[in-house]
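Per-entry structural report
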Amino acid sequence: MPNDVALRLIGDICSTSILFCGCPDQWAPLFHMEDLKQLQRNSKVPHNINMLYIEELRHDFVVHPEMIEPVVRFCLNSIRVIGKGLNVGDTFRLQDVKSKL
């Protein structure tokens, strides 16, 4: 079960984005996302926690070149959503970010 106290404290300060990986994953398994969604439905954690599950993604994505783009895209989209109106499209280019990984 996720630490709802910590997530409430973080949620009071900022939005959070969590990317969940496909199986087998011990650190961010799908059932943790389901637990978080249930906590949100029960108003135990804030609704500014955004989550995405990518079945084909593995936790060691940086050693699998085909998995880097979905992770970078998730990060950039999360920044855009959290920034609401910030023009990050010109600042962050997918190729620039991928080249840093």
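Values in this document were obtained by computation on a predicted structure and should not be read as measured data. Every residue gets a number counted from 1 within its own chain, in the order that chain's sequence is written. Residues qualify for local features only when their pLDDT is at least 70, as the model is predicted, and side-chain atom pairs are given and counted only at 80 or more; totals for whole chains, interfaces and linings, by contrast, use all residues. Each side-chain value is worked out from all heavy atoms of the structure, with water and hydrogens disregarded.

This part is about the pattern of salt bridges. A pair is scored as a salt bridge if a Lys or Arg side-chain nitrogen falls within 4 Å of a carboxyl oxygen belonging to Asp or Glu. Evaluation of the coordinates by the stated rule reveals two salt bridges. For the salt bridge of E69 with R73, the shortest nitrogen-to-oxygen distance reads 2.7 Å. A residue pair is termed a helical-turn pair when its members lie 3 or 4 positions apart in one helix, as E69 and R73 do in helix α3 (residues 65-83) at four residues. Remark: exposure states derive from per-residue accessible area (1.4 Å probe, protein chains only) relative to the maximum for the residue type, with buried under 20%, exposed over 50%, and partly exposed in between. According to the relative accessible area criterion, E69 is partly exposed, its value standing at 30%. Strands are runs of DSSP state E lasting at least 2 residues, helices are runs of H or I lasting at least 4, and numbering of each runs from the N terminus.

The next thing to look at is unusual backbone geometry. You will see that S43, though not glycine, has its phi angle at about 60°, which is positive. Considering the arrangement of structural elements, one finds S43 in the loop between α2 (30-41) and β2 (49-54). Relative accessible area serves as the criterion here: at 58%, S43 is assigned to the exposed category.

Next up on the list: the side chain of Q40. By the secondary structure assignment, Q40 is in helix α2. Take Q40: its relative accessible area is 9%, and that puts it in the buried class. Here a polar contact is recorded for every N or O atom pair within 3.5 Å, except that within protein the pair must consist of a potential hydrogen donor and a potential acceptor, and residues adjacent in sequence are included only if both atoms are side-chain atoms. From its side chain, Q40 meets the backbone oxygen of P46 in a polar contact 3.0 Å long. Aside from chain neighbours lying at most four places away, what touches Q40 is V45, P46, H47, I49 and M51. Should any heavy atoms of two residues lie within 4.5 Å, those residues are considered in contact.

Considering the arrangement of structural elements, one finds P70 in helix α3. You can call P70 partly exposed: its relative accessible area is 31%. Linking P70 and L57, residues 13 residues apart in sequence, is a C-alpha distance of 8.1 Å.

Take the nonpolar core next. Note on terminology: a nonpolar core comprises buried Ala, Val, Leu, Ile, Met, Phe, Trp, Tyr and Cys residues joined through side-chain atoms within 4.5 Å. Membership of the largest hydrophobic core is limited to 11 residues, which are L19, C21, I54, L57, F61, M67, I68, V71, V72, F74 and L76. Every element with two or more residues in this core is listed here: β1 (16-21) and α3. Of the residues forming this core, the biggest block, six residues, is contributed by α3. In contact with C21, other than residues within four places in its own chain, are A28, Y53, I54, L57, R58 and H59.

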